[in-house]
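Here is what each chain is made of, one letter per residue.
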Amino acid sequence: EAGVAQSPRYKIIEKRQSVAFWCNPISGHATLYWYQQILGQGPKLLIQFQNNGVVDDSQLPKDRFSAERLKGVDSTLKIQPAKLEDSAVYLCASSLDRGPWNEQFFGPGTRLTVL
Amino acid sequence: SQQGEEDPQALSIQEGENATMNCSYKTSINNLQWYRQNSGRGLVHLILIRSNEREKHSGRLRVTLDTSKKSSSLLITASRAADTASYFCATDPEETSGSRLTFGEGTQLTVNP
């Protein structure tokens with residue numbers, strides 16, 4: 001079974017530039033998550049989708065971050081404009097469904113460096 | 001402060017020894033999960049323990065949960081160099097209907113050959 005795919009793996013940009021990350025979840029997984037992991041910290045949930053709808057974006061900085069999952073499969077996370085403090089690894093995860101008993105499978109992440 | 005705080009922050013042991021990591025949390029939970037993260041890689045799910053369970057085993061892993069103390073421990077027995085990684089606990093709060101994991105800051109485990 002193919003895992004969660006993410007691209008690019010690495011990205012370096014200047015502050016105030018825009019950047020987009022892509023995620024393709026495991027086939028058949030209805031729930032998709034984006035996490036931000038700052039160096040030395042645990043992942044922090046940014047947004048959760050159920051199919052093509054947002055179920056939790058309470059921790060997403062909506063003034064600069066946006067995400068979509070238009071067809072309920074793959075997803076894009078965008079930062080516009082980027083700040084220095086956005087330097088982090090952005091992890092995508094998916095699970096079969098919502099609910100506390102569904103295991104989340106993580107992709108390898110995209111490491112973003114903002115200069 | 002974060003839900004799910006691991007202790008110690010870093011642990012260095014010799015191959016063959018046991019490693020114990022602890023996690024404390026603040027709110028009522030549906031379950032608590034442990035993940036491993038190798039350097040530069042994504043997270044791998046290790047084990048999930050439900051709020052009504054007290055102990056769970058998976059291979060060389062043993063997890064305990066004490067909901068009265070809001071704490072959990074992860075024991076890795078007979079450690080190997082390949083166990084070197086960061087270990088995170090993640091809690092699924094009771095008040096959410098979905099799966100909204102809150103991760104701690106992790107324990108960096110180094111197993112020396």
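This structure is a prediction, so every number in the text was calculated from the model and none was measured.

## Section: the confidence of the model for chain A
Then, number 1: With 99% of its residues at a pLDDT of at least 70, chain A reaches an overall mean of 94.
Then, number 2: The secondary structure element of chain A with the lowest average pLDDT is strand β6 (residues 53–56) of chain A, at 91, and the one with the highest is strand β8 (residues 75–79) of chain A, at 98.

## What to know about the packing of aromatic side chains
Then, number 1: What the rule picks out here adds up to eight aromatic pairs over all chains.
Then, number 2: Summarising the aromatic geometry, the rings of Tyr35 of chain A and Phe103 of chain B are spaced 5.7 Å apart at their centres and angled 90 degrees between planes, so their arrangement reads as edge-to-face. Remark: Phe103 of chain B occurs in strand β10 (residues 102–103) and Tyr35 of chain A occurs in strand β4 (residues 31–37); the pair is interchain, linking two chains.
Then, number 3: Judged by its relative accessible area of 1%, Phe103 of chain B is buried.

## Describing the nonpolar core
Then, number 1: In terms of nonpolar packing, the biggest core is built from 22 residues, with Leu32, Trp34, Leu74, Ile76, Tyr87 and Leu109 of chain B touching the most fellow members.
Then, number 2: Counting residues per element, the ones that place at least two in this core are β2 (10–14), β3 (19–24), β4 (29–37), β5 (43–50), β7 (61–66), β8 (71–76), β9 (85–93) and β11 (107–112) of chain B.
Then, number 3: Ranked by size, the runner-up nonpolar core spans 21 residues in total, among them Ile13, Ala82, Cys92 and Leu112 of chain A.

## Regarding the interface of chain B and chain A
Then, number 1: Across the boundary between the two partners, chain B contributes 22 residues, which contact 24 residues of chain A.
Then, number 2: For the pair chain B and chain A, the summed buried surface comes to about 1800 Å²; carbon and sulfur atoms form 49% of the total.
Then, number 3: Linking chain B with chain A are zero salt bridges.
Then, number 4: Linking chain B with chain A are two residue pairs in polar contact (both at pLDDT 80 or more).
Then, number 5: Looking at the side of chain B that touches chain A, the elements with two or more residues in it are β4, β5 and β9 of chain B.
Then, number 6: For the side of chain B that touches chain A, the leading source of residues is β4 of chain B, giving five residues.
Then, number 7: Grouping the amino acids of the side of chain B that touches chain A by side-chain chemistry returns six nonpolar, eleven polar and five charged.

## As for the pairing of strand β6 (residues 55–58) of chain B
Residue and element names in this part refer to chain B.
Then, number 1: The pairing of β6 with β7 spans four bridges and is antiparallel. Within β7, the residue paired with Glu55 across the bridge is Thr64.
Then, number 2: In this structure, the hairpin formed by β6 and β7 is closed by a connection of two residues, where Gly59 is found at a positive phi of approximately 60 degrees.

## A short note on unusual backbone geometry
Then, number 1: The amide bond that connects Gln80 of chain A to the next residue, Pro81 of chain A, takes the cis arrangement and shows omega of -5 degrees.
Then, number 2: With respect to the helices and strands, the residue Pro81 of chain A is situated in the loop between β8 and β9 (88–95).
Then, number 3: In this chain, Asp7 of chain B is followed by Pro8 of chain B through a cis amide linkage whose omega measures 0 degrees.
Then, number 4: If you trace the backbone, Pro8 of chain B turns up in the loop between β1 (5–7) and β2.
Then, number 5: Phi angles above zero are rare outside glycine, and Lys70 of chain B is one such case at about 50 degrees.

Definitions and limits used
Residues numbered from 1 in each chain as written. Chains lettered and ligands numbered in written order. Predicted model: local features only at pLDDT ≥ 70, side-chain atom pairs only at ≥ 80, totals over all residues. Heavy atoms only, no water. pLDDT = per-residue confidence, 0-100. Helix = DSSP H or I, 4+ residues; strand = E, 2+ residues; numbered from the N terminus. Phe/Tyr/Trp six-rings, centres within 6.5 Å; stacked < 30°, edge-to-face > 60°. Buried < 20%, exposed > 50% of the residue type's maximum accessible area, 1.4 Å probe, protein only. Core = buried A, V, L, I, M, F, W, Y, C linked by side-chain atoms within 4.5 Å. Contact = heavy atoms within 4.5 Å. Buried area = accessible area lost by both parts, 1.4 Å probe. Salt bridge = Lys/Arg side-chain N within 4 Å of Asp/Glu carboxyl O. Polar contact = N/O pair within 3.5 Å; in protein donor to acceptor, adjacent residues only side chain to side chain. Nonpolar A, V, L, I, M, F, W, Y, C, P; charged D, E, K, R; others polar. Pairing = 2+ DSSP bridges.

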